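Given next are the chains, with one letter for each unit.
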Amino acid sequence: MSRINKNVILALLTLTSSAFLLFQLYYYKHYLSAKNGAGLSKSKGSRIGFDGTQWRTVKKFIMLTSSQNVPVFLIDPLILELINKNFEQVKNASHGSASECKFFCVPRDFTAFALQYHLWKNEEGWFRIAENMGFQCLKIESKDPRLDGIDSLSGTEIPLHYICTLASHAVHLVVFHERSGNYLWHGHLRLKGHIDRKFVPFRKLQFGRYPGAFDRPELQQITIDGLEVLIPKDPMHFLEEIPHSRFIECRYKEARAFFQQYLDDNTVEAMAFRKSAKELLQLAAKTLKKLGVRFWLSSGTCLGWYRQCGIIPYSKDVDLGIFIQDYKSDIISAFQDAGLPLKHKFGKVEDSLELSFQGKDDVKLDIFFFYEETDHMWNGGTQAKTGKKFKYLFPKFTLCWTEFVDMKVRVPCETIEYIEANYGKTWKVPVRTWDWKRSPHNVQPNGVWPISEWDEVIQLY
Amino acid sequence: MDDWKPSPLIKPFGARKKRSWYLTWKYKLTNQRALRRFCQTGAVLFLLVTVIVNIKLILDTRRAISEANEDPEPEKDYDEALGRLESPRRRGSGPRRVLDVEVYSSRSKVYVAVDGTTVLEDEAREQGRGIHVIVLNQATGHVMAKRVFDTYSPHEDEAMVLFLNMVAPGRVLICTVKDEGSFHLKDTAKALLRSLGSQAGPALGWRDTWAFVGRKGGPVLGEKHSKSPALSSWGDPVLLKTDVPLSSAEEAECHWADTELNRRRHRFCSKVEGYGSVCSCKDPTPIEFSPDPLPDNKVFNVPVAVIAGNRPNYLYRMLRSLLSAQGVSPQMITVFIDGYYEEPMDVVALFGLRGIQHTPISIKNARVSQHYKASLTATFNLFPEAKFAVVLEEDLDIAVDFFSFLSQSIHLLEEDDSLYCISAWNDQGYEHTAEDPALLYRVETMPGLGWVLRKSLYKEELEPKWPTPEKLWDWDMWMRMPEQRRGRECIIPDISRSYHFGIVGLNMNGYFHEAYFKKHKFNTVPGVQLRNVDSLKKEAYEVEVHRLLSEAEVLDHSKNPCEDSFLPDTEGHTYVAFIRMEKDDDFTTWTQLAKCLHIWDLDVRGNHRGLWRLFRKRNHFLVVGVPASPYSMKKPPSITPIFLEPPPKEEGAPGAAEQT
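Being a predicted model, the structure only gives us computed values, none of them experimental.

A. A look at the overall build of chain B. Check the secondary structure of chain B and you find 19 helices and 24 strands. When each of the 660 residues of chain B is scored for burial, the buried share is 53%. As displayed, chain B offers around 31800 Å² of accessible surface, 55% of which is attributable to carbon and sulfur atoms.

Structure follows, in structure tokens:
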């Protein structure tokens, strides 16, 4: 009898544990794939069929947006990545022939969409209808940064993010606003006090940790997993933009305070200089963009942006920085084609490269190439008549977008460190006489070019 | 799930149930010892595997959790704003059902306090004369409207009657007189005060003081009055203290169907008063208009900036007409309010539009000018893709075909560099001088009052040198200066597409309005097809003018041009007259002619190279300044240009008197 009992117990145990094991295996796989992101095997695709919560939530959301004419497009990095990988297939697939759910059923916490705010007509009714459909929605608003640049305007708040959950899946709707400089901007997702912090796992959101800026994407309609969605025409380009999209706003308030103290220069000459400097910067930005070369505002131009949100009228040139690894040999010819002849070239690609182009109305465009060391960055300077070399040291920095004279341009994210390295703690005080060899705080003598190299490293035109 | 344990209690249960099949199975097995052993080992192995998988899962979950905890930074990021949370403002209403109201009336000061809070206080000299009216919400005690009617002056009592009639029944009305409020208080107004239950109001006399609290359509809650003893002195100051019982919120509100629109309406109507039928319970006037869309609308994506001050009733009227115009796109409209005024913002919210407030800087004209600059800059910031912006003011009616007019003409602004603006307003387009809704002109002056601004003009020329606050300039005068205009012209219609109804304003008063604006012609015909729009381009327009002058009949220059008989009683003819104009800036005769034609004569408007075009008695009437105008060559040699003598200088007052 005892043996029978033992057998019974054993058999029952085996049964329950095998059932349990199956469940665990299923869950574990789920968990693993969520962690690794993409890895989606065929067998699983068929297992998690069209009735997955993610797919159903997205489907309902798309139904909602198309019926309410909410102009949205898909920006979810995970799904765009998948689409990008299978781009040909997606494009060729005829509508409705989807046999398995390959994209929207991928396990994830959120699906991110962008809302083109300027195309949106019926903002009001939408929210209620979403809630009637079963969505639980959270709206995050803030003041409009486009009014910040203007003295003393205060408007109604603009929506920055919507998060709508339905059946344990959440759609993150990032509101994209048009900004001057032909780009789209989205805001920082900042939780105000009354918002339920447990509404969704906020820190897993792909967008909103910082404000972001994107090129205005061209869109295309595709059908995936039986759902019609708009996606950026070039998903690859959009995906590449995401990690570098962080945007910082100019410090308009401080700039106003600056002008209270030092008054703006509104003479005819100052206005003329600002105008030609702006045009030169626009031309340079266009040319470098065509080449695909990253650049940022450096030296005086960067200081002008940071201190007064404008061009310093007595600075006499436009300064840009470029990482030496982004250097392309056709930069000079591209600028010449754009009507900006080379004025001088100092240094060489391996060391202290600096290019200078002659713009219209005697405004000069200086391009400094930055070299990266383990704990700092530097760029070089050369004195033409003596062949002396100089080195300007900067703490390491990353690049952010900002808006400057109606343009989307990059600046060092760690702007204050960058500027203080260059101009010292007294950068707030305007200095009209500037000696590039002595005035900067971070200048160091760096020897002399050997005379044999002068022909190469000191070229004046 | 990790702490799942097989419960020993369950086993015998299951075993008993399945006894029959289990027995047969058992017997088979006992006969096959080897097989049984195998099964047992298999089961044990299986259990082991389960345990291992379980342990791994637990470890993994732990790691995931600890990873998540290691990264608390973003959490902090999101929490940043926590400290700045505003606590919602609470008004001390609570369960109190009675308001304690104080009203003071005297020669030099009035004030009204509700529950100890002063809601009106006016002791400024030389202003605020007349009857001050305050409307309170009967359920909350909030101030819904605050007006002053200077009933010492004519017509103000009519405005008061209009206003009081619009106030919804049940509201609490408070009236108090400052200085003098009876001189032009006519019978209709007195009858209305009587119907409100006032004893003293209908008998209000010269320089009496009077304070009144009552419910509209309900009982009087308090009244005090002091007669003036003599013509030269004022009544004694009166202070009325009274309790106003509050009614329940349901009583104070209408029960409209629950729609998005009515929610807006409800928010508006429980806050402000004096907008008439929009808050009517039974039959509220619509706040959404859905005018016909415009086929091929070229201005659908052009932002519209409405420049407003604190004239909410004007703004209300303006926005109604704007939103009723064909082809309007409400999401392109932004209302810029000069100052932190609540009521204009409420009006904007009622119509579901975007409103932006502007902290006042500078004074008077310079303030308006800075407000304009900020508004225009903001408009182009908010709509960075826009190439144009429509600029409107809060005291304009907008014609039903306003956008149709712009849609048909806006390409000119794009194609013709010699243009400065397109304006909906013809300075010389009065009832008796405008005729043809399909006709456009080119003029050297900038009329404003509903116009289109090119972004490049603003960004490249105007914005950088916009007059700074310390220069107390009118923005429109500045824009008309030759340094800015630089010889460019504006396109205007013969019949204006906007109507200037504002009577109260910075540069505006009743007399001025009646003389110069009231009789302005305003197009009410929808869908007018403009004629020959491309002939408005620089060169084409010269051809057109030459054609007109060639076919025009020369008038009899011996007659007095001010006489009606100067033009024959015909219809559809084109006539030309030549006046003396020695230099480009000699407008002596023109100004006199304008004065006697009862059109705009305060400065020169509507000219194009010394030519004015208008209508008289349904005939097109051209006036050419000789010899300054290049069209002087069309003058037959026999004709002597008309010369009108300017009146002697000291008659300084503008031609207002002649018009009234």
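From this point on, the discussion continues.
B. A look at the overall build of chain A. The secondary structure content of chain A amounts to 13 helices and 21 strands. For the C-alpha atoms alone, the extent of chain A along its principal axes is close to 105 × 55 × 45 Å. Counting across all 461 residues of chain A, residues that qualify as buried make up 53%. Within chain A, contacts between residues separated by at least 24 positions form 69% of all contacts whose residues are at least 6 apart in sequence. With the model as given, the accessible surface of chain A reaches about 21400 Å², and the carbon-plus-sulfur share is 53%. Taking the average location of the 60 positive side-chain charges in chain A and that of its 52 negative ones, the two points are 7 Å from each other.

C. Broad picture of the confidence of the model for chain A. Looking at chain A as a whole, its pLDDT mean stands at 87, while 92% of the residues score no less than 70. Of the regions scoring below 50 in pLDDT, residues 35-48 of chain A engages in 18 contacts with residues more than four places distant in sequence or in other chains.

D. Up close: unusual backbone geometry. The residue after V626 of chain B, namely P627 of chain B, is reached through a cis peptide bond having omega 5°. Among the structural elements, P627 of chain B can be located in strand β24 (residues 619-627). A positive phi angle is found at S168 of chain A, which is not glycine, with a value near 65°. You can see S168 of chain A is positioned in the loop between β5 (158-166) and β6 (169-179). Positive phi values are uncommon outside glycine, yet R618 of chain B reaches one of about 65°. When you line up the elements, R618 of chain B lands in the loop between β23 (611-616) and β24.

E. Just the pattern of salt bridges, in detail. All names here are of chain A. Under the counting rule described, the total for this entry stands at 57 salt bridges over all chains. D326 is the salt-bridge partner of R294, the closest N and O atoms lying 3.0 Å from each other. In this pair, R294 sits in the loop between α9 (268-291) and β11 (296-297) while D326 sits in the loop between β12 (317-323) and α11 (331-337), placing the two residues 32 residues apart along the sequence. Taking the relative accessible area as the measure of exposure, R294 reaches 32% and is therefore partly exposed.

F. Highlighting a negative patch on the surface. Residues E279, D361 and D362 of chain A together with E460 of chain B make up a contiguous surface patch of negative charge. Inspection of the secondary structure puts E460 of chain B in helix α13 (residues 455-462).

G. Layout of the environment of D401 of chain B. Residue and element names in this part refer to chain B. Tracing the backbone shows D401 in the loop between β14 (396-398) and α12 (402-415). Remark: the alpha-carbon pair of D401 and D556, spanning 155 residues in sequence, is separated by 38 Å. When residues no more than four places from it in sequence are discounted, the contact partners of D401 are R497, N523, V525, P526, G527 and V528.

H. Expanded view of the packing of aromatic side chains. Residues and elements named next belong to chain A. Counting across every chain of the model gives 55 aromatic pairs over all chains. Ring geometry for F370 against F397: centres 6.0 Å apart, planes inclined by 85°, an arrangement best described as edge-to-face. Of this pair, F370 sits in strand β15 (residues 364-372) while F397 sits in the loop between β17 (388-394) and β18 (399-404), and the two are 27 residues apart along the sequence. When its relative accessible area of 0% is taken as the criterion, F370 is described as buried. On the basis of relative accessibility, which here comes to 6%, the residue F397 falls in the buried class. The rings of W296, F323, F370, F394, F397 and Y418 are connected pair by pair, giving a single aromatic cluster. In this structure, R246 is placed above the aromatic ring of Y210, and the distance from its NZ or CZ to the ring centre is 4.0 Å. The cationic tip of K408 hangs over the ring face of W401; the distance from NZ or CZ to the ring centre is 4.0 Å.

I. View of helix α17 (residues 538-551) of chain B. All names here are of chain B. The end-to-end C-alpha distance of α17 is 21 Å, a good match for the 20 Å that 14 residues give at a rise of 1.5 Å each. The set of residues buried in α17 consists of Y541, E542, E544, V545, L548 and L549. Buried residues along α17 cover an arc of 165° about the axis, so they all sit on one side. Among the exposed residues of α17, those pointing more than 90 degrees away from its buried face are E539 and V543. Buried positions along α17 lie against β16 (440-443), β21 (574-581), β22 (607-608), β23 and β24.

J. Structural context of the sheet that holds strand β4 (residues 153-155) of chain A. Here we have nine strands laid out as an open sheet, ordered β4(A)-β12(B)-β11(B)-β10(B)-β13(B)-β17(B)-β15(B)-β18(B)-β16(B), and mixed in their pairing. Each of the sheet's edge strands pairs with one partner strand only, and the pair in question is β4 of chain A together with β16 of chain B. Each strand axis lies, on average, 25° off the axis of its neighbour in the sheet, ignoring direction. Both strand β13 (residues 388-393) of chain B and strand β17 (residues 451-454) of chain B contribute to a ladder of four bridges, which runs antiparallel. Note on β17 of chain B: the bridge partner recorded for A389 of chain B is L453 of chain B. Its contacts with the sheet put helix α10 (residues 342-350) of chain B on β11 (333-338) and β12 (354-358) of chain B, and the angle it makes with β12 of chain B is roughly 165°. Contacts between α13 of chain B and the sheet are confined to β13, β15 (419-423) and β17 of chain B, with β17 of chain B contributing the most and set at about 60° to the helix.

K. Geometry of the domain arrangement of chain B. Domain boundaries in chain B define domain 1 (98-251), domain 2 (304-534) and domain 3 (537-634). Averaged C-alpha coordinates put domain 1 of chain B and domain 3 of chain B at centres separated by 54 Å.

L. How the structure looks around the UniProt feature "domain: ILEI/PANDER" (unreviewed entry) in chain B. As annotated in UniProt, the feature "domain: ILEI/PANDER" (unreviewed entry) corresponds to residues 129-218 of chain B in the numbering used here. End C-alpha atoms of residues 129-218 of chain B are separated by 28 Å, and the span's content is 22% helix alongside 31% strand.

M. Summary view of a nonpolar patch on the surface. Residue and element names in this part refer to chain A. Where nonpolar side chains cluster on the molecular surface, the patch consists of V431, W434 and W436 and spans about 290 Å² of accessible area. Within the secondary structure, W436 sits in the loop between α12 (415-423) and β20 (443-448). A relative accessible area of 35% means that W436 is categorised as partly exposed.

N. Here's a closer look at the packing of helix α6 (residues 123-132) of chain A against helix α8 (residues 260-269) of chain B. Where α6 of chain A meets α8 of chain B, the closest approach of the two axes is 10 Å, and the angle between their N-to-C directions is 115°. Between α6 of chain A and α8 of chain B, the angle is such that the two are roughly perpendicular. Between α6 of chain A and α8 of chain B lies a crossing whose hand is right-handed. Across the interface between the two elements, E124, G125 and R128 of chain A from α6 of chain A touch E260, R263 and R264 of chain B from α8 of chain B. Class assignment for the residues of the contact of α6 of chain A with α8 of chain B results in no nonpolar, one polar and five charged.

O. A look at the pairing of strand β19 (residues 407-412) of chain A. All names here are of chain A. Most of β19 is tucked away, with six of its six residues classed as buried. Direction of pairing for β18 relative to β19: antiparallel, over a ladder of six bridges. Within β19, the position partnered with C400 by the bridge is V411. Counting the residues that bridge the hairpin from β18 to β19 gives two residues, and of these V405 lies at a positive phi of roughly 35°.

P. Structural context of the environment of P493 of chain B. Residue and element names in this part refer to chain B. Its place among the elements puts P493 in strand β18 (residues 489-493). Judged by its relative accessible area of 0%, P493 falls in the buried class. In the structure, P493 is positioned 68 residues away from W425 in sequence and 6.9 Å away in space, judged by C-alpha atoms. Look past the residues within four positions of P493 in its chain and what remains in contact with it is F405, S423, A424, W425, N426, L439, L440 and Y441.

Q. Representation of the sheet that holds strand β8 (residues 220-226) of chain B. Residues and elements named next belong to chain B. Read from one edge of the open sheet, five strands run β5-β4-β6-β7-β8, paired in antiparallel fashion. Strand pairing shows two members of the sheet lacking a second neighbour, β5 (143-149) and β8, which therefore form its edges. Here the average twist between neighbouring strands, direction ignored, is 10°. Note that strand β6 (residues 172-178) and strand β7 (residues 209-215) share five bridges and pair antiparallel. Bridge pairing in β7 places L173 opposite G214. On the sheet, helix α5 (residues 156-166) packs against β4 (130-136), β5 and β6 and is oriented at approximately 165° with respect to β5.

R. Spotlight on the nonpolar core. Residues and elements named next belong to chain B. Membership of the largest hydrophobic core comes to 118 residues, with the highest contact counts inside it found for V306, L319, L322 and W590. Element by element, the count of residues in this core is highest for α12, at seven residues. Counting residues domain by domain, this core receives three or more from each of domain 2 (304-534) and domain 3 (537-634). Non-local contacts of L319, meaning those with residues more than four positions away in its chain, are made with V306, V335, V347, V348, F351 and L353.

Each value, and the rule that gives it
- Residues numbered from 1 in each chain as written.
- Chains lettered and ligands numbered in written order.
- Predicted model: local features only at pLDDT ≥ 70, side-chain atom pairs only at ≥ 80, totals over all residues.
- Heavy atoms only, no water.
- Helix = DSSP H or I, 4+ residues; strand = E, 2+ residues; numbered from the N terminus.
- Buried < 20%, exposed > 50% of the residue type's maximum accessible area, 1.4 Å probe, protein only.
- Areas by Shrake-Rupley, 256 points an atom, 1.4 Å probe, with all protein chains shown as cover.
- Contact = heavy atoms within 4.5 Å.
- Lys, Arg positive; Asp, Glu negative; His and termini not counted.
- Charge placed at Lys NZ, Arg CZ, Asp CG, Glu CD.
- pLDDT = per-residue confidence, 0-100.
- Salt bridge = Lys/Arg side-chain N within 4 Å of Asp/Glu carboxyl O.
- Patch = residues over 30% accessible without salt bridge, like charges linked within 9 Å, V, L, I, M, F, W, Y side chains within 5 Å.
- Phe/Tyr/Trp six-rings, centres within 6.5 Å; stacked < 30°, edge-to-face > 60°.
- Lys NZ or Arg CZ within 6 Å of the ring centre and 35° of its normal.
- Expected span 1.5 Å × (residues − 1).
- Arc of directions from axis to C-beta.
- Pairing = 2+ DSSP bridges.
- Axes fitted to C-alpha atoms, helices over the stretch in contact; angles between N-to-C directions.
- Domains from an automatic or database assignment.
- UniProt positions renumbered as here; feature names shortened; annotations may be inferred.
- Parallel < 35°, antiparallel > 145°, perpendicular 65-115°, else oblique.
- Left-handed = near helix turned anticlockwise from the far one by under 90°.
- Nonpolar A, V, L, I, M, F, W, Y, C, P; charged D, E, K, R; others polar.
- Core = buried A, V, L, I, M, F, W, Y, C linked by side-chain atoms within 4.5 Å.

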